[in-house]
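# Breakdown of the fold
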Amino acid sequence: MNGLEFLRQQCHRPADAVRWACLLEATAPKPGNVSPGRDFSDLRYQDFVVAAELTADAFESERDSFSRSILAASESIASRLATNVNLGILLLLAPLAQVDQSAERRLSRSTWQAEVSRLLSGCDDSDCQRVYRAIAVSKPGGMGQVEHGDVSEPPTMGLIDAMKLAQDRDSIARNYANGFQSLFHETVPIVQHAIETRGDVLAGISEAAVQLLSTQPDSLILRKNGAEVAGEVQRWAEFPFDNEVERERFDRKLRASKFNPGTTADLIAASLYILLREK
């Protein structure tokens, strides 16, 4: 039995998988991210451990809308930690968890994605207001300002319409815009293959992070630093993962430049949730 299969058997409820997905993502030594022994000046590994527990607690109760889970978790984390730890993860996990909670049994990957798409198509104004409120509470970095649909102002359109406006500059928004097709069909297979090939969950997560960074720009780096820098980081990631010297060099360059591939980490956490709960 491999490590991932063992963990799947421990995830009897969606909240269990939420906790494990968050902890595994934070614990894996991914280049440029917080992990044990590799804190940022304003964000520690312990913050992610606390956020994982608070997120699982917030997602424990069945709610009539995924947006309520996002807001509840973001408010709890902001109150306890006073910093944005995992907003992107909340935005990705909440629709997945709501569909998971309402299902009578574990879902196949294709059915799950279709149900998430259906769920998002039914978003109403209240969902949009809650998500905007969660973003305001979390105070994420690198958001900038745009002419239409700026999250620093009250919503003037539906949630999915706002996400469609942001999809070219934000990978999480792109998933909302395309019904999580990118996550299910692009990201999850990379994470799954890396874990299975490595035979080690944490090493596989780390390898998947490098692979994802080499295939597309991280949208947090893109928003904070521009397309040229995001493209440069993508080129930095083009090395054989087994080359430990190159891995360490890549990590040092990211940290020295303060280029945090945070959105890639968010997508990995959501992928892990799917792998822990799918049929």
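For the structure itself, look to the data block above.
From a predicted model like this one, the values you see are computed outputs, not experimental measurements. (Residues numbered from 1 in each chain as written. Predicted model: local features only at pLDDT ≥ 70, side-chain atom pairs only at ≥ 80, totals over all residues. Heavy atoms only, no water.)

## Here's the deal with the overall build of the protein
- Per the secondary structure count, the protein includes 15 helices and zero strands.
- Since a compact globule built from 279 residues should have a radius of gyration of about 19 Å, the 17 Å found for the protein is in line with a globular shape.
- Dimensions along the principal axes, computed over C-alpha positions, put the protein at roughly 50 × 45 × 35 Å.
- Buried positions account for 53% of the 279 residues belonging to the protein.
- Here the analysis covers contacts within the protein between residues at least 6 apart in sequence; of these, 70% occur between residues at least 24 apart.
- Total accessible area on the protein stands at roughly 12600 Å², and carbon and sulfur atoms take up 46% of it.
- In the protein, the 31 positive side-chain charges and the 39 negative ones have mean positions that sit 2 Å from each other. (Helix = DSSP H or I, 4+ residues; strand = E, 2+ residues; numbered from the N terminus. Rg over C-alpha atoms; globule rule 2.2 N^0.38 Å. Buried < 20%, exposed > 50% of the residue type's maximum accessible area, 1.4 Å probe, protein only. Contact = heavy atoms within 4.5 Å. Areas by Shrake-Rupley, 256 points an atom, 1.4 Å probe, with all protein chains shown as cover. Lys, Arg positive; Asp, Glu negative; His and termini not counted. Charge placed at Lys NZ, Arg CZ, Asp CG, Glu CD.)

## Focus on empty space enclosed by the protein
- Summed over the entire model, instances satisfying the criterion amount to four cavities of 30 Å³ or more.
- Size it by volume and the largest cavity reaches roughly 40 Å³.
- Around the largest cavity, the lining residues are Ser74, Ile77, Ala78, Thr83, Asn84, Val85, Asn86, Leu87, Leu90 and Ser138.
- When contributions to the lining of the largest cavity are tallied by element, the ones reaching two or more residues are helix H4 (66-81) and helix H5 (87-102).
- A per-element tally of the lining of the largest cavity places H4 first, with three residues. (1 Å grid on protein atoms, 1.4 Å probe; cavity = no way out; pocket = protein on both sides within 12 Å on 5 of 7 lines; lining within 4 Å. Points joined across faces, edges and corners; volume = space filled by probe spheres on them.)

## Comments concerning the packing of helix H11 (residues 201-215) against helix H15 (residues 262-277)
- Across the interface, H11 lies against H15 with an axial gap of 10 Å and an inter-helix angle of 130°. One way to sum up the angle between H11 and H15 is to call them oblique. For the pair H11 and H15, the sense of crossing is right-handed. Of the residues in H15, those in contact with Ile205, Ala209, Leu212 and Leu213 of H11 are Thr264, Ile268 and Leu272.
- Considering only residue class, the contact of H11 with H15 consists of six nonpolar, one polar and no charged. (Axes fitted to C-alpha atoms, helices over the stretch in contact; angles between N-to-C directions. Parallel < 35°, antiparallel > 145°, perpendicular 65-115°, else oblique. Left-handed = near helix turned anticlockwise from the far one by under 90°. Nonpolar A, V, L, I, M, F, W, Y, C, P; charged D, E, K, R; others polar.)

## Some points on the pattern of salt bridges
- By the definition in use, this model includes 19 salt bridges.
- Here aspartate 16 and arginine 13 are joined by a salt bridge, their closest N and O atoms 2.8 Å apart.
- Arginine 109 is paired through a salt bridge with glutamate 278; the nearest N and O atoms lie 2.7 Å apart. Separated by 169 residues along the polypeptide, arginine 109 in helix H6 (residues 109-121) and glutamate 278 in the segment after H15 bring together distant segments of the chain.
- Its relative accessible area of 9% is what places glutamate 278 among the buried residues.
- Members of the salt-bridge network, linked through shared partners, are Arg13, Asp16, Arg19, Glu53 and Glu60. (Salt bridge = Lys/Arg side-chain N within 4 Å of Asp/Glu carboxyl O.)

## Structural notes on the side chain of threonine 264
- With respect to the helices and strands, the residue threonine 264 is situated in helix H15.
- Taking the relative accessible area as the measure of exposure, threonine 264 reaches 8% and is therefore buried.
- A polar atom in the side chain of threonine 264 sits 2.7 Å from the side chain of aspartate 218. (Polar contact = N/O pair within 3.5 Å; in protein donor to acceptor, adjacent residues only side chain to side chain.)

## Points about H11
- Helix length check: H11 (15 residues) gives 21 Å between terminal C-alpha atoms against 21 Å at 1.5 Å per residue, within 8%.
- Regarding H11, the residues found buried are Val201, Gly204, Ile205, Ser206, Glu207, Ala208, Ala209, Val210, Leu212 and Leu213.
- Packing partners of the buried residues in H11 comprise helix H1 (3-10), helix H2 (14-27), helix H10 (181-198), helix H13 (227-236), helix H14 (244-257) and H15. (Expected span 1.5 Å × (residues − 1).)

## Quick word on the environment of leucine 93
- By the element assignment, leucine 93 lies in helix H5.
- Leucine 93 sits in the buried class, given a relative accessible area of 0%.
- On a C-alpha basis, the gap between leucine 93 and leucine 267 in space is 9.5 Å, while along the polypeptide they are 174 residues apart.
- The contact partners of leucine 93, leaving out residues within four places of it in the chain, are Val18, Cys22, Phe59, Ala269, Ala270 and Tyr273.

## Remarks on the state of the cysteines
- Counted under the stated rule, the structure contains zero disulfides.
- Free cysteine: cysteine 22, not disulfide-bonded; nearest cysteine sulfur from cysteine 11 at 11 Å.
- A residue is classified by how much of its surface remains accessible, and cysteine 22, at 5% relative accessible area, is buried.
- Here cysteine 128 stays unpaired: no disulfide links it, and the sulfur of cysteine 123, its closest cysteine neighbor, is 8.5 Å away. (Disulfide = S-S within 2.5 Å.)

## Thoughts on unusual backbone geometry
- Phi is positive for phenylalanine 180, close to 65°, though the residue is something other than glycine.
- Position of phenylalanine 180 among the secondary structure elements: in the loop between helix H9 (171-177) and H10.
- Non-glycine residue lysine 258 carries a positive phi angle of around 55°.
- Mapped onto the fold, lysine 258 is located in the loop between H14 and H15.
- With a relative accessible area of 73%, lysine 258 lands in the exposed category.

As far as function goes, none of this settles anything; it's purely spatial.
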